[in-house]
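Breakdown of the fold
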Protein chains: 2
Amino acid sequence: MSLLSDTIAAVEPMDEAAAQAAARRLDSLTKPLGSLGHLEVVVRRYAAIRHDPAAESGSASILVFVADHGVAEEGVSAYPKEVTEQMLRNIARGGAAISVLARHYGHDLRVIDAGVAADTRGEDLPGVIYRRIGSGTRNFLREPAMTAAQAQSALEMGIATVDEAADGGVTMVGIGEMGIANSTSAAALLSAITGIDAGLMAGRGTGLDDAGVRRKVEVVRGALRRHHAVLHDPLRMLAALGGFEIAAMAGVCIGAAARRVAVVVDGFIATAAAAAADRILPGLAARLFFSHRSAEGGHRLALEHLRARPLLDLDLRLGEGTGAAIAISVIQAALAMFHRMATFAGAGVAEKL
Amino acid sequence: MSLLSDTIAAVEPMDEAAAQAAARRLDSLTKPLGSLGHLEVVVRRYAAIRHDPAAESGSASILVFVADHGVAEEGVSAYPKEVTEQMLRNIARGGAAISVLARHYGHDLRVIDAGVAADTRGEDLPGVIYRRIGSGTRNFLREPAMTAAQAQSALEMGIATVDEAADGGVTMVGIGEMGIANSTSAAALLSAITGIDAGLMAGRGTGLDDAGVRRKVEVVRGALRRHHAVLHDPLRMLAALGGFEIAAMAGVCIGAAARRVAVVVDGFIATAAAAAADRILPGLAARLFFSHRSAEGGHRLALEHLRARPLLDLDLRLGEGTGAAIAISVIQAALAMFHRMATFAGAGVAEKL
């Protein structure tokens, strides 16, 4: 047995009775029946995930996993590889978009070095948690990105990270990432999972030009050919094409299901992690909240494959958990209405004719 | 001269130089160029509206206008007419959705009785501002809803309300409403403005059944026939088909343009007010933020007519300014990132290759 297999075994079905109880309360509140639209779906699902008809909201935490990718050497990113470590510092020091959003909303922010090429442990970066699986993955165009042991370690690191959060009273986590070239890894995983060609799944990422996108598409196609024999096996697929931060986010999705923690998936790369987790634990995607539809073209296709309706559609393509941070605030607003609105009976308001 | 004509005369063009300065700062921040997507459009437009390249954010206020509608006697709402006054009380006492959201977000909430049938001035309702244009409008299927003087008073009341908010340091207002049967008034106005048939513009409102929708469509068509001769004149159109709260919201849109206050339009009914204001002051819609695409079918068509991209798409159809309250929080998050993120130079992060 392993933490991964134990965790999978501990996952129970969602609590449909809790969702139904929440639905009854929603219908008693002073608003036209069903008029909170998709936010009513969100409240019911939160109750089902949490096994809690009262849908109580604890604290929310944004988990940002940072790692490097060997495939960056194929020239698949608009930014140099060093930006991964530079942005790790920037997030830790409060200057990145997610740093600002987490402070703005009062979300707890945990930044995890899952395997950045440069080791910054001597730099005393505030709040960074070091759970390095390695110093960047290998170039998956030429060999598997990770060993099977590394992939399992990264998954279990994600499980341990959400376990800690749950132990501290966190009821909802956002998952986000930073890692130069990781949209190439995400595109490869999502092409493998959905069967959709890389020409539709690989996009501009952080801002590739047309020639860069063509190169990226060829890299993904080449990688899928190279690793074709293992793509039927979710763990070996993840090892071949994934990244440390992607595997860790997949682990969070699995661990959260076992701990009844709500997960809010950020953008394209976090969605690849969610899709990989859904391959490992089929049906898992139905338990996740998808925060937004990103400007990365393949994201729409990936969300459709997962039958996911995102909360926001703002053409974001920043990553870091920024979309998740905003979406969590929308979910918290929905829960606030659920908890605090008056009922028809209590407020003396007439019901529907 | 009048407050209305003075206000219209005081409106200056938006400040495109401020928008360009904001765009330059956006491009200097540590994120892939353009990666905040639509939120970058929002920040630039906010700077242009405010004539402020720094896009500083003051406080936000939700203005909820409440009024009754004579056309309710045609059986066009799923709820009895008394719900308008009951919900006025509920909003004031903190039990309505908008009451909860305003507290949750820390938005200032101003509830204005613009002409509820029942006069609640003796009830000591906390925080309600009484600016009653009348005790409900007349039934516009049979006669104009308002006199020309009432329509002008309601518009000017909206202007005065946003003037007061601006004087108090408010830089962004959300406009919302409550008023049984007001989606019939909104559908009539939007049919008149867009030329789109009532069969597409009039929807279920708070939850009409199929027979109710057919009745509502016939009421709108009948009203457009009755008032056909005045529909070319924006003020007479508003008087014929509008409501006190709708005219007041149109006044807020006009007054806000003169005072450089950002307006966040709520749902279908507030959009009808915005469209009416855009008829009075052509081009005004380009200065407004539209908070969400509501589940009311005609709303999509109205937004397309106004070339508006809403911030959210959550199938809300509650009104009261609820969508505006959520959208304001998203705009505030965008402004926080704009103000507080590090620059590439400041954080030592490499720029695009």
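Residues numbered from 1 in each chain as written. Chains lettered and ligands numbered in written order. Predicted model: local features only at pLDDT ≥ 70, side-chain atom pairs only at ≥ 80, totals over all residues. Heavy atoms only, no water.

**Let's talk about the sheet that holds strand 2 (residues 108-115) of chain A**
All names here are of chain A. Reading across the sheet, the 6 strands line up as 3-2-1-4-5-6 and stay open at both edges, with parallel pairing between neighbours. Edge positions in the sheet fall to strand 3 (128-130) and strand 6 (289-290), since each of these pairs with one other strand and no more. Contacting strand 1 (59-67), strand 2 and strand 4 (170-178), helix 6 (residues 148-167) crosses the sheet at an angle of about 160 degrees to strand 2. Helix 14 (residues 322-340) rests against strand 1, strand 4, strand 5 (262-265) and strand 6 of the sheet, and its axis sits at about 160 degrees to strand 4. (Pairing = 2+ DSSP bridges. Helix = DSSP H or I, 4+ residues; strand = E, 2+ residues; numbered from the N terminus. Contact = heavy atoms within 4.5 Å. Axes fitted to C-alpha atoms, helices over the stretch in contact; angles between N-to-C directions.)

**Side note on the packing of aromatic side chains**
What the rule picks out here adds up to 1 aromatic pair over all chains. Ring centres 6.5 Å apart and planes at 15 degrees place the aromatic pair A:Tyr79 and B:Phe344 in the stacked group. Of the two residues, A:Tyr79 sits in the loop between strand 1 and helix 4 (83-93) while B:Phe344 sits in helix 15 (residues 344-347), which places them in two different chains. The lysine or arginine in question, A:Arg25, covers the ring of A:Phe338, its NZ or CZ lying 5.6 Å from the ring centre. (Phe/Tyr/Trp six-rings, centres within 6.5 Å; stacked < 30°, edge-to-face > 60°. Lys NZ or Arg CZ within 6 Å of the ring centre and 35° of its normal.)

**Observations concerning the sheet that holds strand 6 (residues 289-290) of chain B**
Residues and elements named next belong to chain B. Judged by pairing direction, the sheet is parallel, and its 6 strands sit side by side in the order 3-2-1-4-5-6 without closing on themselves. Strand pairing shows two members of the sheet lacking a second neighbour, strand 3 (128-130) and strand 6, which therefore form its edges. With 8 bridges connecting them, strand 1 (residues 59-67) and strand 4 (residues 170-178) associate as parallel partners. Across the sheet, Ser-61 pairs through a bridge with Val-173, a residue of strand 4.

**Looking at the confidence of the model for chain A**
Mean pLDDT over chain A stands at 97; residues scoring 70 or higher make up 100%. At the level of chain-chain contacts, confidence expressed as ipTM amounts to 0.97, with global pTM at 0.98. (pLDDT = per-residue confidence, 0-100.)

**What to know about helix 4 (residues 83-93) of chain B**
For helix 4 of chain B, a buried count of 10 out of 11 residues is recorded, marking the element as mostly surrounded by other parts of the structure. Among all positions of helix 4 of chain B, only B:Val83, B:Thr84, B:Glu85, B:Gln86, B:Met87, B:Leu88, B:Arg89, B:Asn90, B:Ile91 and B:Ala92 are buried. Buried residues along helix 4 of chain B sit against helix 15 (344-347) of chain A together with strand 1, helix 5 (97-105), strand 2 (108-115), strand 3 and strand 4 of chain B. (Buried < 20%, exposed > 50% of the residue type's maximum accessible area, 1.4 Å probe, protein only.)

**A few points about the interface of chain B and chain A**
With 55 residues of chain B at the contact, the number on the chain A side is 55 residues. Here chain B meets chain A over a buried area of about 4,700 Å², counting both sides, of which 62% is carbon and sulfur. At the surface where chain B touches chain A, the tally comes to 2 salt bridges. Between A:Asp315 and B:Arg309 there is a salt bridge; the shortest N-O distance is 2.9 Å. In this assembly, chain B and chain A are joined by 22 residue pairs in polar contact (both at pLDDT 80 or more). Mapped onto the side of chain B that touches chain A, the elements with two or more residues apiece are helix 3 (38-50), helix 4, helix 5, helix 14 (322-340) and helix 15 of chain B. (Buried area = accessible area lost by both parts, 1.4 Å probe. Salt bridge = Lys/Arg side-chain N within 4 Å of Asp/Glu carboxyl O. Polar contact = N/O pair within 3.5 Å; in protein donor to acceptor, adjacent residues only side chain to side chain.)

**A few points about the packing of helix 5 (residues 97-105) of chain A against helix 14 of chain A**
Packed helices, taken two at a time, are described by their axes: the angle between them and the distance between them. Residues and elements named next belong to chain A. Between helix 5 and helix 14, the least distance of the axes is 9 Å, while the angle of their chain directions is 15 degrees. The orientation of helix 5 with respect to helix 14, classified from their angle, is roughly parallel. Helix-helix and strand crossings are classified by hand; for helix 5 and helix 14 the assignment is left-handed. Here helix 5 contributes Ala-97, Ile-98, Leu-101 and Tyr-105 to the contact with helix 14, which in turn contributes Thr-322, Ala-325, Ile-326 and Ser-329. Here the residues of the contact of helix 5 with helix 14 are counted per class, giving 6 nonpolar, 2 polar and no charged. (Parallel < 35°, antiparallel > 145°, perpendicular 65-115°, else oblique. Left-handed = near helix turned anticlockwise from the far one by under 90°. Nonpolar A, V, L, I, M, F, W, Y, C, P; charged D, E, K, R; others polar.)

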